[in-house]
Each structure stands twice: as C-alpha cells, then as structure tokens.
Amino acid sequence: GAVVSQHPSRVICKSGTSVKIECRSLDFQATTMFWYRQFPKKSLMLMATSNEGSKATYEQGVEKDKFLINHASLTLSTLTVTSAHPEDSSFYICSAWGGGAAGHEQYFGPGTRLTVT
Amino acid sequence: GDSVTQMEGPVTLSEEACLTINCTYTATGYPSLFWYVQYPGEGLQLLLKATKADDKGSNKGFEATYRKETTSFHLEKGSVQVSDSAVYFCALERQGGGNKLTFGTGTQLKVEL
C-alpha cells in the first residue's frame, strides 16, 4: 500500500520554542493531507485539512496561529507548533488522501510524539 | 455533531478465541463506516469499510456489517491470532465531502498463546 512518513518520530522542546513536523507521501501525490492530535486513551481529533497550494482549513477550536500548516507540494505538508507550551505535548498524526491509483483512501503516518518541557 | 463510541479495552483473548469489538455511531444521514488497525510502532491502516446500510466489509478474516437500525458497525473475527494484537479504531466519514473522518477512542486487543 501507499506509504506516508513523518519526521521526527519524537521531539522534546523547551517551552516557548517552535517545532516543525513533516509529513510526506512517499509513493503517491496527495492534494489533501490531514493533521490529527491524539491524547492518551482518546480518539484521534482532526485538527486541520491541508490542501496543496492553498490555506489550511482548521477545525473548530483549533488555533490557526498556534498550529501553522503549510502544504507546499503534492508530497509534503508541515505542521509547526509555535511558542509551544506543556499542554501542547501530544501525539500528532498526519494522513494523506490518495486518490486514483492510490486507492481512494487515507494513508496514515506513524505519528510524532511531542513533549514540551 | 457526529460521534463514534467504541468499547473500552484492553481486550485480552487467547489465540483462536472469537472477537467482537463493539462500535456505535451518531451521525446525520448514512455515513461510510471504517475500521482501522494500528500495529505497534506503525501508522493506522484501513482494515475494512462499508459505504451503505447492510453492507458487510471484510478483510484478513475480520468482518463488520453496517446496521442502520442499531447504528452499529461491530468488528468480528472467528479465530484471532497473536499477530492480530493491535489497536483497532472505528471511524465514520463525515457528511458533506472532504473525506474527513471522526474516530472512536480505539480498543487495544492483546492475543496470548
């Protein structure tokens, strides 16, 4: 099946700094990518939908100035957590929508564990 | 809004036991329904799906039937293996397009010899 990678897999940063997480579709082009956040023993919560070449669409309650999303190419979307605080510590997961030959489904990355100290 | 409710885990079974993981949903209309599986250290993978009432999705010995009367999509397998140990997520596709998913909390399955 199609492969989506995330980098880094784990990151620890100090409060007040910014962290960038990359999501790449390795063997297909994705016009749409999604960013999720997962708390312990909680479901994946959709944060935003990222469309290549346009602004991301954020879910209600998600601060767009806090979580900057860029989808500059058909294989790469980035999530930047700006001025991170301990409450931003979480597991962030991306997915890429694969249409056409990729099978019309979402393909998920393995996730990034962010810890803010 | 849309929501998905799954039974809490972890579920621990012996190999070759029967599995049922309950999933119910609340949604407007008749959304497509999915089961995803997450093996340790890996991303979620689509296990099966159903797009309309009474459809049965199946894959790798797992089955789930879209029941609109009970708004349910329970996951079943007749004989589990140790390799089925993973976290299973039920999800629905929101109405209105955009391929957006709403997930349940996930159920961890542990299969022991």
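Preceding this paragraph is the structure being described.
This one's a predicted model, so the numbers in the text were calculated from it and none came from an experiment.

Cut-offs used in this document
Residues numbered from 1 in each chain as written. Chains lettered and ligands numbered in written order. Predicted model: local features only at pLDDT ≥ 70, side-chain atom pairs only at ≥ 80, totals over all residues. Heavy atoms only, no water. Pairing = 2+ DSSP bridges. Helix = DSSP H or I, 4+ residues; strand = E, 2+ residues; numbered from the N terminus. Axes fitted to C-alpha atoms, helices over the stretch in contact; angles between N-to-C directions. 1 Å grid on protein atoms, 1.4 Å probe; cavity = no way out; pocket = protein on both sides within 12 Å on 5 of 7 lines; lining within 4 Å. Points joined across faces, edges and corners; volume = space filled by probe spheres on them. Core = buried A, V, L, I, M, F, W, Y, C linked by side-chain atoms within 4.5 Å. Buried < 20%, exposed > 50% of the residue type's maximum accessible area, 1.4 Å probe, protein only. Contact = heavy atoms within 4.5 Å. Buried area = accessible area lost by both parts, 1.4 Å probe. Salt bridge = Lys/Arg side-chain N within 4 Å of Asp/Glu carboxyl O. Polar contact = N/O pair within 3.5 Å; in protein donor to acceptor, adjacent residues only side chain to side chain. Phe/Tyr/Trp six-rings, centres within 6.5 Å; stacked < 30°, edge-to-face > 60°.

Asks: When you look at the sheet that holds strand β1 (residues 4-7) of chain A in this model, what are you seeing that I'm missing?
Replies: Hydrogen bonds along the backbone pair up the strands of a sheet, which may run parallel or antiparallel. All names here are of chain A. Pairing within the open sheet is antiparallel, and its 4 strands lie in the order β1-β3-β8-β7. Each having just a single partner strand, β1 and β7 (67-73) make up the two edges of the open sheet. On average, adjacent strands in this sheet sit at an angle of 15° to one another, irrespective of strand direction. Strand direction decides the pairing type here: strand β3 (residues 19-25) and strand β8 (residues 76-81), joined by 6 bridges, are antiparallel. Looking at the pairing, Arg24 lines up with Leu76 of β8.

Asks: Would you mind going over the layout of surface pockets with me for this structure?
Replies: Over the atoms rolls a probe the size of a water molecule, and in doing so it shows where empty space is left. Considered as a void within the structure, the largest pocket measures approximately 810 Å³ in volume. Lining the largest pocket are 29 residues, with Gln38(A), Lys41(A), Val87(B), Phe89(B) and Gln108(B) positioned closest to its centre. Elements with a minimum of two residues in the lining of the largest pocket: β10 (86-93) and β12 (107-112) of chain B. Examining the composition of the lining of the largest pocket, we find that 4 residues originate from one element, β12(B), more than from any other.

Asks: What's the story with the nonpolar core in this structure? I'm lost.
Replies: Across soluble globular proteins, nonpolar side chains have a tendency to be buried as a group. Residue and element names in this part refer to chain B. Counting residues in each nonpolar core, the largest one holds 26 residues, and the members touching the most others are Leu19, Trp35, Leu47, Leu48, Phe73, Leu75 and Tyr88. Take this core: its biggest share by element is 4 residues, from β10. Residue contacts for Leu19: discarding those within four places in its chain leaves Val11, Leu13, Phe62, Leu75, Glu76, Lys77, Val80 and Leu109.

Asks: Looking at this structure, how should I read the interface of chain B and chain A?
Replies: How big an interface is tends to be expressed through the accessible area that disappears when the partners come together. The interface is formed by 16 residues belonging to chain B together with 19 residues belonging to chain A. Taking both sides of the interface into account, the surface hidden between chain B and chain A amounts to around 1,300 Å²; carbon and sulfur atoms contribute 56%. Per-residue buried area on chain B facing chain A is highest for Asn99(B), Lys100(B) and Phe103(B); these three make up 34% of the total on that side. Across the contact surface, chain B and chain A share 2 salt bridges. Residue Lys100(B) is joined to Glu59(A) by a salt bridge in which the shortest nitrogen-to-oxygen separation is 3.2 Å.

Asks: How should the environment of Thr107(B) be read in this particular structure?
Replies: Examined against the element boundaries, Thr107(B) turns out to sit in strand β12. A polar side-chain atom of Thr107(B) sits 2.7 Å from the main-chain carbonyl oxygen of Met7(B).

Asks: It is not clear to me how the environment of Thr31(A) should be interpreted in this structure. Could you clarify?
Replies: Residue and element names in this part refer to chain A. Of note, Thr31 is situated in the loop between β3 and β4 (32-38). For Thr31, a relative accessible area of 46% puts it in the partly exposed group. Spatially, the C-alpha atoms of Thr31 and Trp97 are 7.1 Å apart, while their sequence positions differ by 66 residues. Setting aside anything within four residues of it in sequence, one finds Thr31 in contact with Ser50, Asn51, Glu52, His71 and Leu74.

Asks: What is the right way to look at the sheet that holds strand β8 (residues 62-65) of chain B in this model?
Replies: Residues and elements named next belong to chain B. A sheet is described by the order of its strands in space; here 4 strands give the open sequence β3-β9-β8-β7, paired in antiparallel fashion. Single-partner strands in this sheet number two, and they are β3 (19-21) and β7 (56-59). Averaged over all pairs of adjacent strands, the angle between their axes in this sheet comes to 15°, without regard to strand direction.

Asks: Which parts of the structure should I look at to understand the packing of aromatic side chains?
Replies: Here the distance between the centres and the angle between the planes together describe a pair of aromatic rings. This structure, assessed with the given rule, holds 11 aromatic pairs over all chains. Their ring planes at 40° and their centres at 5.7 Å tell us that Tyr36(A) and Phe108(A) sit as a pair that is tilted. Of this pair, Tyr36(A) sits in strand β4 while Phe108(A) sits in strand β10 (residues 105-108), placing them 72 residues apart in sequence. For Tyr36(A), a relative accessible area of 0% gives the class buried. Residues Phe108(A) and Phe103(B) carry aromatic rings whose centres are separated by 5.9 Å and whose planes lie at 80° to one another, so their mutual orientation is edge-to-face. Separated into two different chains, Phe108(A) in strand β10 and Phe103(B) in strand β11 (residues 101-103) make up a pair that spans both. Residue Phe108(A) shares its accessibility class with Phe103(B), and that shared class is buried. Grouped by ring-pair contacts, the aromatic residues Tyr36(A), Phe108(A), Phe34(B), Tyr36(B), Phe89(B) and Phe103(B) constitute a single cluster.

Asks: Before we go on, may I ask you to explain the side chain of Thr102(B) in this structure?
Replies: Residue and element names in this part refer to chain B. If you trace the backbone, Thr102 turns up in strand β11. Looking at Thr102, its side chain comes within polar contact range of the side chain of Arg94, at 3.1 Å. Excluding residues within four positions of it along the chain, Thr102 makes contact with Asp2, Ser3, Val4, Cys90, Ala91, Leu92 and Arg94.

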